[in-house]
Amino acid sequence: MRSPYEIIKRPIITEKSMEMLDENKYTFEVDKDANKPEIKAAVEAIFDGVKVKNVRTMNYTGKSVRTRYGYGKRADWKKAIVTLTEDSAEIEYFDGL
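Keep in mind it's a predicted model, so treat the numbers as computed, not measured.

Peer 1: Where do I start with the nonpolar core in this structure?
Peer 2: Within soluble globular proteins, side chains that are nonpolar generally end up buried alongside one another. Core analysis: the biggest nonpolar cluster contains 19 residues, and Ile8, Phe28, Ile39 and Val43 have the highest contact counts within it. At the level of secondary structure, the elements contributing two or more residues to this core comprise strand 2 (25-30), helix 3 (36-46), strand 3 (52-60) and strand 6 (77-84). The biggest single contributor to this core is helix 3, with four residues. Discounting residues that sit within four places of it in the chain, Ile39 has contacts with Ile7, Ile8, Val30, Ala34, Val55, Thr57, Ala80 and Val82.

Shown next as structure tokens:
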């Protein structure tokens, strides 16, 4: 069993993700190999009093980039949008933003 901190890498803070906070939706970058039940369990384990209703995931391919040594590629990554239940506590990390 992996640690919840290995599954949830970081929150994604953009204009669109800040607008989705009104709908109890929080956006995270997650491990590429993580599935929806693992993401749900990790969010509920990291944040106290949080109940996850739904998890949506998206896979992104890394962009091709040109470096001084030739051509390369940025890393592929995965994004998860976590919807909380109405009686759930809010995630405190996003409160001060």
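Peer 1: Looking at this structure, I do not really get the pattern of salt bridges. What am I missing?
Peer 2: Working definition: two side chains of opposite charge can pair if their charged atoms are close together. Inspection of the entire model under this criterion finds seven salt bridges. The salt bridge involving Glu29 is made with Arg10; its shortest N-O contact spans 2.7 Å. One end of the pair, Glu29, is in strand 2; the other, Arg10, is in strand 1 (residues 8-11), and 19 residues separate them in sequence. Residue classification places Arg10 among the partly exposed residues on the basis of a relative accessible area of 43%. Residue Glu23 is joined to Lys25 by a salt bridge in which the shortest nitrogen-to-oxygen separation is 3.7 Å.

Peer 1: Teacher, can you tell me more about the sheet that holds strand 1 here?
Peer 2: Across a sheet, paired strands are connected by hydrogen bonds in the backbone, their directions being either parallel or antiparallel. Spatial strand order, 1-2-6-3: four strands in an open sheet with antiparallel pairing. Each edge of the open sheet is held by one strand with a lone partner, namely strand 1 and strand 3. In this sheet, adjacent strand axes meet at a mean angle of 30° when their direction is disregarded. Across six bridges, strand 2 lies against strand 6 in antiparallel orientation. Each residue of the ladder has a partner; that of Glu29, found in strand 6, is Lys79. Along the sheet face, helix 3 touches strand 1, strand 2, strand 3 and strand 6 and points at about 120° away from the line of strand 3.

Cut-offs used in this document
- Starting from 1, residues in each chain are numbered consecutively following that chain's sequence as written.
- Thresholds applied to this predicted model are a pLDDT of at least 70 for local features of residues and 80 or more for the giving and counting of side-chain atom pairs; totals over whole chains, interfaces and linings are not thresholded and use all residues.
- To obtain the side-chain values, all non-hydrogen atoms of the structure were included, while hydrogens and water were left out.
- Think of a nonpolar core as a cluster: buried Ala, Val, Leu, Ile, Met, Phe, Trp, Tyr and Cys residues, connected wherever their side-chain atoms sit within 4.5 Å.
- The cut-offs for exposure are 20% and 50% of the maximum accessible area for each residue type, with area from a 1.4 Å probe on protein chains only; residues under the lower value are buried, those over the upper are exposed, and the others partly exposed.
- Elements are defined by DSSP. Helices are runs of H or I of four residues or more, strands are runs of E of two residues or more, and each kind is numbered from the N terminus.
- Any two residues whose heavy atoms approach within 4.5 Å at even a single point are treated as in contact.
- Salt bridges are defined as contacts in which a side-chain nitrogen from Lys or Arg sits within 4 Å of a carboxyl oxygen from Asp or Glu.
- When DSSP finds two or more bridges between two strands, those strands count as paired.
- To define axes, lines are fitted to C-alpha atoms, for helices over the stretch in contact only, and angles between the resulting N-to-C directions are given on a 0 to 180 degree scale.

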